[in-house]
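# Secondary and tertiary structure notes
Chain by chain, the residues run as shown.
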Amino acid sequence: MTDKIDDRICLVEIGGEACAGCHALMPEAREAAKKFNIPFYYFDAGEAEELVTKWQVSAVPSLYIVADGAPFASCRGYQPQEILEIWIENKLQEHSNVK
């Protein structure tokens, strides 16, 4: 399932089928990712158990900014698109400064 995630930077949401916040976040996260020209992926926590364990997902929705298959930034809970965009921009900037 996680074979979709490649070496590029991407935004990943881990959500749940019965999670209203997850469903509300998905289109906003997708649009925020589009703004920064990065792929967006959604995984249901019940179907992505290996990823949930590997990334120690403790709540849904959870968002991760991933590079080389590993998360370098995360946030939990619903965030409006405006806040997501600020968060993504800051984390991408931090990541580029570390490289």
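The following refers to the structure shown. It should be emphasised that the depicted structure is a prediction, and the values quoted were computed from it without experimental measurement.

Let us now look at the overall build of the protein. Counting its regular elements, the protein contains three helices and four strands. In the protein, the succession of helices and strands from N to C terminus is β-α-β-α-β-β-α. Expected size for 99 residues packed as a compact globule is a radius of gyration near 13 Å; at 12 Å, the protein falls within 12% of this value. With the C-alpha coordinates of the protein rotated into their principal frame, the extents come out at 35 × 25 × 20 Å.

Quick look at the nonpolar core now. The biggest cluster of nonpolar side chains holds 16 residues, and the ones touching the most others in it are Leu11, Ala29, Leu63, Ile65, Trp87 and Ile88. Those elements that place two or more of their residues in this core are α1 (20–35), β3 (62–67), β4 (70–76) and α3 (81–98). For this core, the leading source of residues is α1, giving five residues. Not counting residues up to four positions away in its chain, the partners in contact with Ala29 are Leu11, Phe40, Leu63 and Leu84. One finds Phe43, Ala48, Val52 and Trp55 within the second-largest nonpolar core, a separate group that totals 13 residues.

Turning to the state of the cysteines, a few remarks are in order. Evaluated as defined, the whole model comprises one disulfide. The side chain of Cys19 participates in a disulfide bridge whose partner is Cys22; the two sulfur atoms lie 2.3 Å from each other. The sign of the 80° torsion about the S-S bond sets the Cys19-Cys22 disulfide as right-handed. Just as Cys19 is buried, Cys22 falls in that class too. Not engaged in a disulfide, the cysteine Cys10 finds its nearest cysteine sulfur in Cys75; these two sulfurs lie 14 Å apart. A relative accessible area of 1% means that Cys10 is categorised as buried. The thiol of Cys75 is not disulfide-bonded; the next cysteine sulfur, from Cys22, is found 12 Å away. Assessed through its relative accessible area of 14%, Cys75 is described here as buried.

The rules behind these values
Starting from 1, residues in each chain are numbered consecutively following that chain's sequence as written. Residue-level local features of this predicted model are given only where pLDDT is at least 70; pairs of side-chain atoms are given and counted only at 80 or more, and the full residue set underlies all totals for whole chains, interfaces and linings. Side-chain calculation: all heavy atoms of the structure are included, whereas hydrogens and water are not. Secondary structure elements follow DSSP: runs of H or I of four or more residues count as helices, runs of E of two or more count as strands, with numbering from the N terminus. Within these notes, the globule rule equals 2.2 Å times the number of residues to the 0.38 power, and the radius of gyration is based on C-alpha atoms. The definition of a nonpolar core used throughout is a set of buried Ala, Val, Leu, Ile, Met, Phe, Trp, Tyr and Cys residues joined through side-chain atoms within 4.5 Å. Each residue gets one of three labels from its accessible area relative to the maximum for its type: buried under 20%, exposed over 50%, partly exposed in between, using a 1.4 Å probe on protein chains only. Between two residues, a contact is recorded if the distance between any of their heavy atoms is within 4.5 Å. When two cysteine sulfur atoms are found within 2.5 Å, that pair is recorded as a disulfide.

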